[in-house]
Amino acid sequence: MEPIIKLKNVSLWYEKGKPIEVQALKNITIDITKGDYVAFFGPSGCGKTTMLYAISGIDRFQEGTVLINDRDISMLTNQELAIFRQTGIGIVFQQFNLVPSLTVLKNVALPMLFVGISSEKSDIEARKLLERLNLTEYADRYPFELSGGQQQRVGIARALANDPPIIIADEPLGNLDSVNAKKVLEFLKELNEKDGRTIIMVTHEAWSLRDVKTIYHMKDGNITEVEHITPKTLADSISGHLNKQLFSVGSEKEEKKEEKKPESISAHLLANFLLRGYSMDEINRFEFLVNERFDDKINSKEFHQLINKPYKDGGVGLWKKKAERVVEYLEEVIDQRKDIGDICRSIENKPEVSIFDEIQGIRKWLLEGYTGELSSDKIMALDQVISDRIRNFISKEQVVELLDLSTNKFGVGLSFRAAQTLSEKLELILEGILVKKENDSVGK
Amino acid sequence: MDKNKNRRKILLIDDDEMMQIYFRDIFWIHGRNDFYEINMVSSLAEAEKIVRDVKTRPDSIFLDVLMSSNKKGGAPAYHIARSLEFISKIKNDKELSKINIIIYSGQKEQYLKEAALELGIDGYLIKGELMPREIVEFTDKIHGTNN
């Protein structure tokens, strides 16, 4: 069968020609056949996500060509690229990336409106997609009212919005429990087998490979092995990969550690939080720079300069004022994360220790920019929620619930929107450094 | 179908640049570049030249009966009348009458649809009411090029 996607000698560097230059893809040549179900599999930093971004025209590669149906996408104008991204590919994200202020129905309809489909028609089509994903009853709800599994199904419905022939899934199971992860895998399989769509998934988890037909193993920006899976070899292949992951030694163990690095998760949350409404490539570039700042590879001044620079010059192109605010915010997050790390360590050593002063500091930071009035009762309830979350007694979903719950039911009594915003802000500094619970490393 | 040689020629008459790109690219995105050669013009005058020339003559025309630049100039009825006149000219010309003409426009008025159907058009599509794949499938259907 004809390849739908061809990569020829593709090399991609981030920050090329600068001291922080990283070569993320090294001379990649592959053909992806129409109707294939492909996985890019490998440890963190191996280039697998960059591969998705190169194929979807989000990251511009410096060398080589990417052909979609024989057309070189590096030759597309910005307008053509926009249409390609809106109608040619559907992207499913690990973090769902739904627009919080839109209902489920409008989230799914949005990509259709972008290409000129009328509001009536896009609502009709969005409802069909919600029905297909068993989400009809949630059409008028907001994303924060849904569980993670439901939100990811909305993410899939949105990816299908303009009926694209290619579906790209970037670690789609990363934030799901096993039941919901299984459901998502079923849908991806159906989109491949029933609809005939080409599926490309990025994953570092062997068990998510169960339905794929071709596995590209990646390491350090290279493809190290290509496996064409037949049903016979599938079981062997997955158990082989699982064993590798379970009993990994030496360098692979190091990479697994890196995969769970809390800073990179937080950078992702932060990028989506601060750059809401910006394009994917801008958010992606910003996330990369935040990671560099977290790792102290660049200082605050360099970070500021980079995010202020135009996108074409390697920056994010933020306006001066916005860049100033973002830098200030990021430095606060870095400071708060250091404090939280200290608090968590002291709680781990001595669980009954009082963290009252620290909680107050965090609360003040959380409420910066909050315009509503809070009574002393509400402040006490808020402090309790922060404390319970730091001690990992409650999950982030429960934080939103408690912040929203009225004070006579022992909640804080904030609006849904405020509850969600405060919770997101809190997670930015907590992600990955919470006190460990017995038998459960992370909350719900 | 043999690559390139037997590609059906489609002519889009629409002066909206984004619409031109969108229309052309959905055929590419849905893997129809081997089936169709898509040409685009912004006026009836340019279209007429292409239609008259045997080498460039299209198999099908997708026509916006009221283009955006004409909306600004007022008197939309005049521009719609000119579009209908263009259709009539083609459909009444023995040499050209086999060309499929599909109205692809934002105009939803029933009287317009009826008038155009009377002139022998081959389809009436309303912009914003078809998904990208539906446009491709409609085109496949009228050319018998179903995948």
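Scroll up for the structure.
An account of the accompanying structure is given in this report. (Residues numbered from 1 in each chain as written. Chains lettered and ligands numbered in written order. Predicted model: local features only at pLDDT ≥ 70, side-chain atom pairs only at ≥ 80, totals over all residues.)

### Some words on the overall build of chain B
Turning to step 1, where the next piece is worked out: Counting its regular elements, chain B contains six helices and five strands.
Turning to step 2, where the next piece is worked out: Each helix (α) and strand (β) of chain B, taken in turn from the N terminus, gives the series β-α-β-α-β-α-α-β-α-β-α.
Turning to step 3, where the next piece is worked out: Burial status across chain B gives 29% buried among its 147 residues.
Turning to step 4, where the next piece is worked out: Taking the contacts inside chain B whose residues are at least 6 apart along the sequence as the reference set, 62% of them involve residues at least 24 apart. (Helix = DSSP H or I, 4+ residues; strand = E, 2+ residues; numbered from the N terminus. Buried ≥ 20, exposed ≤ 12 C-beta atoms within 10 Å, placed from the backbone. Contact = placed C-beta atoms within 7 Å.)

### Looking at the overall build of chain A
Turning to step 1, where the next piece is worked out: Counting its regular elements, chain A contains 16 helices and ten strands.
Turning to step 2, where the next piece is worked out: Looking at the 444 residues of chain A, the share that counts as buried comes to 39%.
Turning to step 3, where the next piece is worked out: Once local pairs closer than 6 in sequence are excluded, the contacts in chain A between residues at least 24 apart make up 66%.

### A look at helix α10 (residues 280-294) of chain A
Quick reminder: α-helices carry 3.6 residues per turn. Residues three or four places apart thus point the same way.
Residue and element names in this part refer to chain A.
Turning to step 1, where the next piece is worked out: With 15 residues, α10 ought to run about 21 Å at 1.5 Å a step, and its terminal C-alpha atoms sit 21 Å apart, in line with that.
Turning to step 2, where the next piece is worked out: Those residues of α10 not exposed but buried are I283, N284, R285, F286, E287, F288, L289, V290, R293 and F294.
Turning to step 3, where the next piece is worked out: Remark: D296 follows α10 within two positions and exhibits a positive phi of approximately 65 degrees. (Expected span 1.5 Å × (residues − 1).)

### Focus on unusual backbone geometry
Residues and elements named next belong to chain A.
Turning to step 1, where the next piece is worked out: Phi is positive for N9, which is not a glycine, with a value near 45 degrees.
Turning to step 2, where the next piece is worked out: Mapped onto the fold, N9 is located in strand β1 (residues 3-14).
Turning to step 3, where the next piece is worked out: Look at D163: it is not a glycine, yet its phi comes out positive at around 60 degrees.
Turning to step 4, where the next piece is worked out: Tracing the sequence through the fold places D163 in the loop between α5 (148-159) and β7 (166-170).
Turning to step 5, where the next piece is worked out: On the basis of neighbour counts, which here come to 19 C-beta atoms within 10 Å, the residue D163 falls in the partly exposed class.

### Points about the pairing of strand β9 (residues 214-219) of chain A
Residue and element names in this part refer to chain A.
Turning to step 1, where the next piece is worked out: As paired strands, strand β3 (residues 37-41) and β9 are joined by four bridges and run parallel to one another. Bridged to A39 within β9 is I215.
Turning to step 2, where the next piece is worked out: Bridge count between β9 and strand β10 (residues 222-228): six bridges; the pairing is antiparallel. The residue bridging K219 from the neighbouring strand is N222, located in β10. (Pairing = 2+ DSSP bridges.)

### Topic: the interface of chain B and chain A
Turning to step 1, where the next piece is worked out: Residue-level contacts link 16 residues of chain B with 19 residues of chain A.
Turning to step 2, where the next piece is worked out: Counting residues per element, the side of chain B that touches chain A draws most heavily on helix α1 (residues 17-29) of chain B, at seven residues.
Turning to step 3, where the next piece is worked out: Class assignment for the residues of the side of chain B that touches chain A results in eight nonpolar, four polar and four charged. (Nonpolar A, V, L, I, M, F, W, Y, C, P; charged D, E, K, R; others polar.)

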